[in-house]
Amino acid sequence: MAKSLQDKVIIVTGAGRGIGREIALLCAAEGAKVVVNDPGGAADGAGTSAAPAEEVVEEIKKRGGTAVANFESVAEAIPASKIVKTATDRFGRLDGVVNNAGILRDMIFHKMSVEAFEAVIKVHLMGSFYVSHAAARIYREQESGSFVHFTSTSGLIGNYGQANYAAAKLGIVGLSKSIALDMGRFNVRSNCVSPFAWTRMIGTIPTETDAEKARVEKIKQMGPEKIAPVCAYLLSDAAKDVTGQIFGVRMNEIFLFGQHRPVRSVHRGEGWTPETIAEHGMPALKGSFAKLDRSADVFTWDPI
């Protein structure tokens, strides 16, 4: 059978470990030439190491694939652009970008530092922008290309102690949709994936209560390799008509997420005052208010 990504050039950021590693390995197995980007920092972004990216490249080569390591950070524009330059310098083109790089700095909102908020926004949201923006000019010229961005139910639904992460991940949804709208005329696609998987970052979740321990044990069942097939598909020509969407992957389940649309309206011919909104407008809308759910409140069944 023909490989779905034969001779395509794919960048995977944060590819030294976890989900990114599995995506890089699968893309290479499907025939792609892969730029394995990872500065090798800790889960909170501290430090650097060439080892994670180099180990993935060596694994790809052992399996007969083609890959090159890149150690730049996505959190600044110029280093991020060098990731794209690595692809074009080494392989002569670029066909797909997977914006997977991420860090966590969880803290309840009133205790969260400005630095922790900005650091997470820079890696997740700004990093996705910087890499995508550098790739967009190449995609425009060749009139083809695909983006796969990583969002999270922390942004789509909600979780405690993750205001920085949730803001970044929901921002990525808006970024992806805008890219899909702006670049569709050039045959460029942009989609989001919301993964459920046990990774080093998820390993930072507290396990102090019985409920927290049970939640983490459930997540441990979900290997990062389960996320890779959807990403490889979205990068392939088989997904040429798929753009602007949000997919969730949870073990062997694939979800299509809804996107923001009006759910209810009220009208008053003579207009509104604060008093009439309180007396009539808001009571009429309250029945359709979104609940303050967390991800675990929505995904209540065991992974399949």
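Residues numbered from 1 in each chain as written. Predicted model: local features only at pLDDT ≥ 70, side-chain atom pairs only at ≥ 80, totals over all residues. Heavy atoms only, no water.

Trainee: Just checking my understanding: could you explain the sheet that holds strand β8 (residues 253–256) for this structure?
Mentor: Picture the strands of a sheet paired through backbone hydrogen bonds; they go either parallel or antiparallel. Here we have eight strands laid out as an open sheet, ordered β3-β2-β1-β4-β5-β6-β7-β8, and mixed in their pairing. Two strands lie at the open edges of the sheet, namely β3 (66–70) and β8, each paired on one side alone. The sheet shows a mean angle of 20° between the axes of neighbouring strands, taken without regard to direction. Bridge count for strand β2 (residues 33–37) against β3 is five bridges, and the pairing is parallel. Residue pairing for β3: Lys 33 is matched across the bridge by Thr 66. Along the sheet, helix α3 (residues 77–91) makes contact with β1 (9–12), β2 and β3, crossing β3 at roughly 145°. In this fold helix α6 (residues 163–183) packs onto β5 (145–150), β6 (188–196) and β7 (246–250), with an angle of close to 160° to the strand it touches most, β6. (Pairing = 2+ DSSP bridges. Helix = DSSP H or I, 4+ residues; strand = E, 2+ residues; numbered from the N terminus. Axes fitted to C-alpha atoms, helices over the stretch in contact; angles between N-to-C directions. Contact = heavy atoms within 4.5 Å.)

Trainee: Which parts of the structure should I look at to understand α3?
Mentor: In an α-helix, one turn spans 3.6 residues; hence positions three or four apart end up facing the same way. Its 15 residues give α3 an end-to-end C-alpha distance of 22 Å, which sits within 8% of 21 Å, the value for a rise of 1.5 Å per residue. Along α3, the positions that sit buried rather than exposed are Ala 80, Ile 83, Val 84, Thr 86, Ala 87 and Phe 91. Immediately downstream of α3, the backbone of Gly 92 shows phi near 85°, a positive value. (Expected span 1.5 Å × (residues − 1). Buried < 20%, exposed > 50% of the residue type's maximum accessible area, 1.4 Å probe, protein only.)

Trainee: Would you take a moment to explain the packing of aromatic side chains for this structure?
Mentor: Describing an aromatic ring pair means giving the distance of the ring centres and the angle of the ring planes. Per the counting criterion, the structure on display carries eight aromatic pairs. Judged by centre distance (5.6 Å) and plane angle (45°), the rings of Phe 299 and Trp 301 are tilted. Look at Phe 299 and you get buried, because its relative accessible area is 9%. Its relative accessible area of 35% is what places Trp 301 among the partly exposed residues. An aromatic cluster is built from Phe 196, Phe 255, Phe 257, Phe 299 and Trp 301, whose rings are joined through pairwise contacts. The side chain of Arg 250 reaches across the aromatic face of Phe 196, ending 5.8 Å from its centre. Positioned above the aromatic ring of Trp 272, the side-chain terminus of Arg 268 is 5.9 Å from the ring centre. (Phe/Tyr/Trp six-rings, centres within 6.5 Å; stacked < 30°, edge-to-face > 60°. Lys NZ or Arg CZ within 6 Å of the ring centre and 35° of its normal.)

Trainee: I tried to follow the nonpolar core on my own but got confused; where do I start?
Mentor: Looking at soluble globular proteins, one finds that nonpolar side chains tend to be buried together. The biggest cluster of nonpolar side chains holds 34 residues, and the ones touching the most others in it are Ile 23, Val 34, Val 36, Ile 60, Phe 150 and Val 193. Counting 33 residues, the second-largest nonpolar core is a separate cluster that includes Ala 80, Ile 103, Val 123 and Ala 134. (Core = buried A, V, L, I, M, F, W, Y, C linked by side-chain atoms within 4.5 Å.)

Trainee: Would you explain the layout of surface pockets in this entry?
Mentor: If you add up the space inside the second largest pocket, you get close to 570 Å³. Lining of the second largest pocket is provided by 19 residues; of these, Leu 156, Ile 157, Gly 258, His 260 and Ala 290 occupy positions nearest its centre. The element that contributes the greatest number of residues to the lining of the second largest pocket is α6, accounting for three residues. Of the residues in the lining of the second largest pocket, the class split is 11 nonpolar, four polar and four charged. (1 Å grid on protein atoms, 1.4 Å probe; cavity = no way out; pocket = protein on both sides within 12 Å on 5 of 7 lines; lining within 4 Å. Points joined across faces, edges and corners; volume = space filled by probe spheres on them. Nonpolar A, V, L, I, M, F, W, Y, C, P; charged D, E, K, R; others polar.)

Trainee: How should a nonpolar patch on the surface be read in this particular structure?
Mentor: Residues Trp 272, Ile 277, Met 282 and Phe 289 make up a contiguous nonpolar surface patch of about 340 Å² in total accessible area. Along the polypeptide, Trp 272 turns up in the loop between β8 and α9 (274–286). We classify Trp 272 as partly exposed; its relative accessible area is 31%. (Patch = residues over 30% accessible without salt bridge, like charges linked within 9 Å, V, L, I, M, F, W, Y side chains within 5 Å. Areas by Shrake-Rupley, 256 points an atom, 1.4 Å probe, with all protein chains shown as cover. Salt bridge = Lys/Arg side-chain N within 4 Å of Asp/Glu carboxyl O.)

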